[in-house]
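Below are the chains, spelled out letter by letter.
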Amino acid sequence: MEEYGEFYHPELHLLWHQNNIEWHVRKGDTTDAINAIKNATEKILSLQWDPRYMGCRIYNSSADFLIRLGLFEKAKKYLNRCLELHLADEGLPPDQINEIGQVLNSRTLMTKATIYEALEKSAEEKTSALEWAVEYTEESIILLRHFTSGVLIPHSKNRLVREHMNIFEFGLLALYHLYKVTEEPEYLKKALFLADQSRAIILLEDLLRGFSTDATLEELMLQDIRLKEEYDELSLNYHLLSNGDDSELVELRNSMASIQVEREKIYSRMMAFQPEFQQQLLAAENPKECTMQKIMELDFCILTHFPGSDILFTLGMSNKGMVFHKNEIPEEFSAITFSLRNEIERFPEVLGKREEYAAHIAAMESTASKLYDLLISPVEQILTGHLLIIPVDEISAIPFAALMRRGTGNEERTYLIEEQNILYSYSLKILEIIRSKEQEYSGTGLVFAPEYHHQKLTSFGLEGDITLNPLHFNQIEASFLVDNFGARSFIGREATKQNFLSNANAAPWLHISAHSFIHDQLPDYSFLAFTEGENG
C-alpha cells in the first residue's frame, strides 16, 4: 500500500491487515494466521498515532483466534493493548471511553480467556480466577449501561445489547464453574441476578422512558440527541484524520470526552424525572434478599433459562434445592421453539378432521416433549407445584404450560400445566417493584377478555401475517375472576384499548386474557391485542 503515496491511509492499511487475518483464520491456516497477526500488530505499534478503532479490532480478532488455540496468555497480551489504547489518557474515566464497543469486546474476551485458562488450574487457583472473572463481568455490565444510556430509540438499544449479550454469557459460565467447585448457593443467586439484568435493566430502560410525556424530559432528550449528533461528527473526523498533528488528535478526543460528560449530566437529570417505578428499575439493583425469601415462603420454584451463543444455562431454586445446569443448544432449537407455538395456533384448523387432527397432535406432542426434556427435566427434582418462570430471549416464545413429559411404563403423558401452577414475570426485579406497590392501591381489580374473529395483522420486520384466532376460554376465565375476586370486567366488545387506557391506571391489579406478541428485535412493535373499537 505504500506505493500509493499521498493516497495512503493508515486506517485502510490496518483494515487490509484485519481482512488478511480473518481470511487465514477462516481457511484454517493456523501458521499463516499467526504470521498475519504478528505483521498486523507490529504495524499498529509502528504508527505515530493511536489507531484506537482498527487497532482494537485487530487485537480483538487476534485474541479470539488465540483463545481457540489455547494460547491464553498471548491472547491477554493483545487484549491489554486494546484496553491501554483507550485508558492511556489521564482524566478519561472508563465510562467515557471512545470506541467503548471495542473495549467491551476486549473485556468479554478477557473474561473468556480467564475462564478457559482457569479450568486448567488447581482448585484454589481456579476459584480465585473465576471470582475475578465474575467481578470483571459486573464492571463490564456497568460499562454496557453507559454505552447504551444515550441511545434513545428502543430497538437500537435492544440491538446494541444483543451485540454484547456474551458479557452475560461468560459471567454465567464463570458462576457455573464456581458453583460446581464450591456448591455455594450464593453463586447460583448471583447467576439468577445476572441473567435477570440482561432483561430488566437494559432492554426495558428506554421502553419505559418512552412512556413519559413530561415536556421537560422531552427537551432533555432533544438536547441529548443534539449532543450525540455533535459527538458523531467529531468521531467521524477523528477516524478520517491520518498522519495528523498529535495536538489536533488530542483536541478531538478531549472534545468528545467533554460531550460525553455533558450527556452523563443530562442522563442524570432525565433519571430524576422518571416516576419512582422507572427509577427503581433503572437503578440496576439486584432484587432484595427478602424478595427471594418471600418467593420461597410461597413455595415457588424460580426457573430461568439463558440461551447463549451455543450454551443453554438452566437455573432453578426452590425449598427442595438448587439446580445450575449447562448443556449445548441443539442446532434446531429456535425452530423447535417456534414450531410448538405454531402447532398450537393451528389447532382450531384441524378440529373435526380426523387424519389431520391425529397427525397434528402427534407433531405437537413430539415438539412439546423435546422441549420438556431440554428445559424442565433438569429441574424436575426441585419442582414444588408452583413455578415462577423468568424467560430470557427466545425462551419468551415458549408456551411452558404445553410442555409434555413422556409417559414411561404404565404412566400416561403429562402436560406441565397439569402438575404446576405456572406464573411468568419479565424479571425478578420488576416482580419485586410491582409487589412493593400493591399496598399503595385500593379498589377493584380489572379483567380484560377481548374477542377475536381470525383477524390478520402484520408487524414490521416479520414475514407473513399474525392471525388472531378466537380464544375459547378467556371470557370464562374473566367471569371466574369476577365471581371469586370481585373484579370489574371488560368482556368481548367492551375489552377495547380505549377502556384499558381509561381505567387501568387506577386499578390495584390487572388480568388480561388476550393475544399478545413480543417482538424481541424491535420491542416498539410488541403489542397486546384488544377488541377493535369504533376507532379501530
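Now for a quick tour of the structure. (Residues numbered from 1 in each chain as written. Predicted model: local features only at pLDDT ≥ 70, side-chain atom pairs only at ≥ 80, totals over all residues. Heavy atoms only, no water.)

A word on the pattern of salt bridges
According to the stated counting rule, one finds 17 salt bridges in the structure shown. One salt bridge connects D29 with K27, and the closest N-O pair in it is separated by 3.5 Å. For K27, a relative accessible area of 47% puts it in the partly exposed group. Ionic pairing is found between K76 and E73, a salt bridge with its closest N-O pair at 3.9 Å. Taken as a pair, K76 and E73 lie in helix α4 (residues 72-87) at a separation of three residues, close to a single helical turn. (Salt bridge = Lys/Arg side-chain N within 4 Å of Asp/Glu carboxyl O. Buried < 20%, exposed > 50% of the residue type's maximum accessible area, 1.4 Å probe, protein only. Helix = DSSP H or I, 4+ residues; strand = E, 2+ residues; numbered from the N terminus.)

Notes on unusual backbone geometry
Although it is not a glycine, E183 sits at a positive phi angle of roughly 60°. Position of E183 among the secondary structure elements: in the loop between α8 (166-182) and α9 (185-200). With a relative accessible area of 62%, E183 lands in the exposed category. One non-glycine residue, D299, adopts positive backbone phi at about 65°. Among the structural elements, D299 can be located in the loop between α14 (289-297) and β1 (301-307). For D299, a relative accessible area of 30% translates into the label partly exposed.

Topic: the pairing of strand β3 (residues 321-328)
As paired strands, strand β2 (residues 311-318) and β3 are joined by eight bridges and run antiparallel to one another. Directly across from F313, in β3, lies its bridge partner K326. The turn linking β2 back onto β3 is made up of two residues. (Pairing = 2+ DSSP bridges.)

Quick word on the packing of helix α15 (residues 333-350) against helix α16 (residues 354-375)
Axis separation between α15 and α16 bottoms out at 9 Å; the angle between their running directions is 145°. The element α15 and its partner α16 pack so that their crossing is left-handed. Between α15 and α16, the contacting residues are F333, I336, T337, S339, L340, E343, I344, R346, F347 and V350 on the first element and E356, Y357, H360, I361, A363, M364, T367, A368, K370, L371 and L374 on the second. (Axes fitted to C-alpha atoms, helices over the stretch in contact; angles between N-to-C directions. Left-handed = near helix turned anticlockwise from the far one by under 90°. Contact = heavy atoms within 4.5 Å.)

Observations concerning the sheet that holds strand β8 (residues 446-450)
One open sheet accounts for three strands, arranged β11-β8-β12; its pairing is parallel. In this open sheet, the two strands that pair with only one neighbour each are β11 (488-492) and β12 (510-512). Averaged over all pairs of adjacent strands, the angle between their axes in this sheet comes to 5°, without regard to strand direction. Sheet topology note: the β8/β12 ladder contains three bridges and is parallel. Bridged to L446 within β12 is L510.

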